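In case you want the letters, here they are:
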Amino acid sequence: MPPSTRRARRRPPTLRDVAEIADVSIKTVSNVVHDYPHVRESTRTRVQEAIAVTGYRPQLAAQQLRTGASGIVTLAVPSLNFSYFSNLAQTFIDEAQGRGRTVVLHTTSAGRDEEIEVLRGFRRRLGDGVIFNPMQVGEDYLAQMEHVDQPTVFIGEHLSDAHLPPGSDYVRIDNTRATADATAHLLERGRRRLAFVGAMETTDPAPHSSSGLRIEGFRQALWRHDLDPARAPIEEVADWHRADGREAAHRLLDAHPHLDGLVCGNDEIALGALAGLRDRGRTVPGDVAVVGYDDSPEALFAHPPLTTIRPDKQFLVKAALDMLIERINGYEGGPRTITAPHELVVRGSTPEG
């Protein structure tokens, strides 16, 4: 296209453009944009009409220079490939938007080094603070931190509140109790030959890993119902995806053909286990009952619908944002810990009571 026929890129409207249309000073436009009270109502109306005509939007960089805050918070999660984290991210986005804030998503799927980068405040600051679900960074590393580099709220279950660095808070889920509740549900419906599916293949498990905490809850429930936890199979998986659950179900049935209940580390594993049981001609819940964890959107539409633990995501999200905003606004007290509630959602994959 010849240069003379190219359409010039339209520049974004500025404060000056609004000021010229409204016949006021740039300072007055700025006062209206930032909702300062000492502006005559007639002037405010004229400026707002000029803003509507021009389509002017305040620049984030200018706001950050003026106030020191961007209105942006970062959510750092291990991966969006898991439906739990993608659903949680959407819940954070919806809640933050209702509070006039924007969420930037960041995944730490690259591993431990990336998690450490989050703790150090990123190479370039991505907002006013961060909500962070760590998976691989160790508690020893956190214990050595004198202070976090930006307002931080941890979520998940991989931490001990005894090791939280100053300047941070923690919203946790009681994974041990939740999995004990799921296991007790099967035991109270007459199942006695249970297995846990979801131990991670690692030689150095984190003391507060999801896998470890949920196995502990499984074993506690067995012990409380007078069963020997050491006799219950704990099946390892390479990851917590559906294919891993399907493969694990086949291995378990080969080694323990008389199993009548599976407690799964998450819903992804449970959905895979349901497929594996169908492969082998086992009925659910007639032959084998199955319970998951997370109450992912797919759980309701499984065949049969999946009984699962439902963490209160709304509670978690609101509590995390509340504490983060308090930190952003200057709260400097010691680390705080809040436990989000959970409930067992009973569906067709477990017997009726």
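In this numbering scheme, every chain counts its residues from 1 along its sequence in written order. With the structure being a predicted model, the display of local features is reserved for residues of pLDDT at least 70 and the display and counting of side-chain atom pairs for 80 or more, all residues being used for whole-chain, interface and lining totals. Here the side-chain values reflect all heavy atoms present in the structure, with hydrogen atoms and water set aside.

## Re the packing of helix α10 (residues 242-255) against helix α11 (residues 267-279)
Move 1: A fitted line through C-alpha atoms serves as each axis, taken over the contacting stretch for helices, and the angle formed by two N-to-C directions is quoted from 0 to 180°. By definition, any uninterrupted DSSP run of H or I lasting at least four residues is a helix, any uninterrupted run of E lasting at least two residues is a strand, and each is numbered from the N terminus. Across the interface, α10 lies against α11 with an axial gap of 6 Å and an inter-helix angle of 45°. The angle between α10 and α11 places the two elements in the oblique class. Where α10 crosses over α11, the two elements pack in a sense that is right-handed. Counting all contacts with α10, which are made through Arg 242, Gly 245, Arg 246, Ala 249, His 250 and Leu 253, the residues of α11 involved are Glu 268, Ile 269, Leu 271, Gly 272, Ala 273, Ala 275, Gly 276, Leu 277 and Asp 279.
Move 2: Asp, Glu, Lys and Arg are counted as charged, while Ala, Val, Leu, Ile, Met, Phe, Trp, Tyr, Cys and Pro are counted as nonpolar; the rest, among them Gly, fall into the polar class. Broken down by class, the residue content of the contact of α10 with α11 amounts to 7 nonpolar, 4 polar and 4 charged. Roughly parallel here means an angle under 35 degrees, roughly antiparallel means over 145, roughly perpendicular means 65 to 115, and every remaining angle is called oblique. Throughout, a crossing is termed right-handed when the near helix is turned clockwise from the far one, and left-handed when it is turned anticlockwise from it by less than a right angle. In what follows, a contact means two residues having at least one pair of non-hydrogen atoms within 4.5 Å.

## Focus on the environment of Leu 253
Move 1: Within the secondary structure layout, Leu 253 lies in helix α10.
Move 2: A relative accessible area of 6% places Leu 253 in the buried class.
Move 3: With residues near it in sequence (within four places) discarded, Leu 253 still touches Leu 277, Arg 280 and Arg 282. Classification of residues uses two cut-offs on accessible area relative to the type maximum, computed with a 1.4 Å probe and protein chains only: under 20% is buried, over 50% is exposed, and between them is partly exposed.

## Looking at the nonpolar core
Move 1: Formed by 66 residues in total, the largest nonpolar core has its most connected members in Phe 92, Ile 131, Ile 155, Leu 262, Val 290 and Leu 316.
Move 2: In contact with Phe 92, not counting residues within four places along its chain, are Leu 75, Val 103, Ile 131, Ile 155, Leu 316, Val 317, Ala 320 and Leu 321.
Move 3: Formed by 14 residues, the second largest nonpolar core is a distinct cluster that contains Phe 132, Met 145, Phe 154 and Leu 164. We call a set of buried Ala, Val, Leu, Ile, Met, Phe, Trp, Tyr and Cys residues a nonpolar core when their side-chain atoms join them within 4.5 Å.

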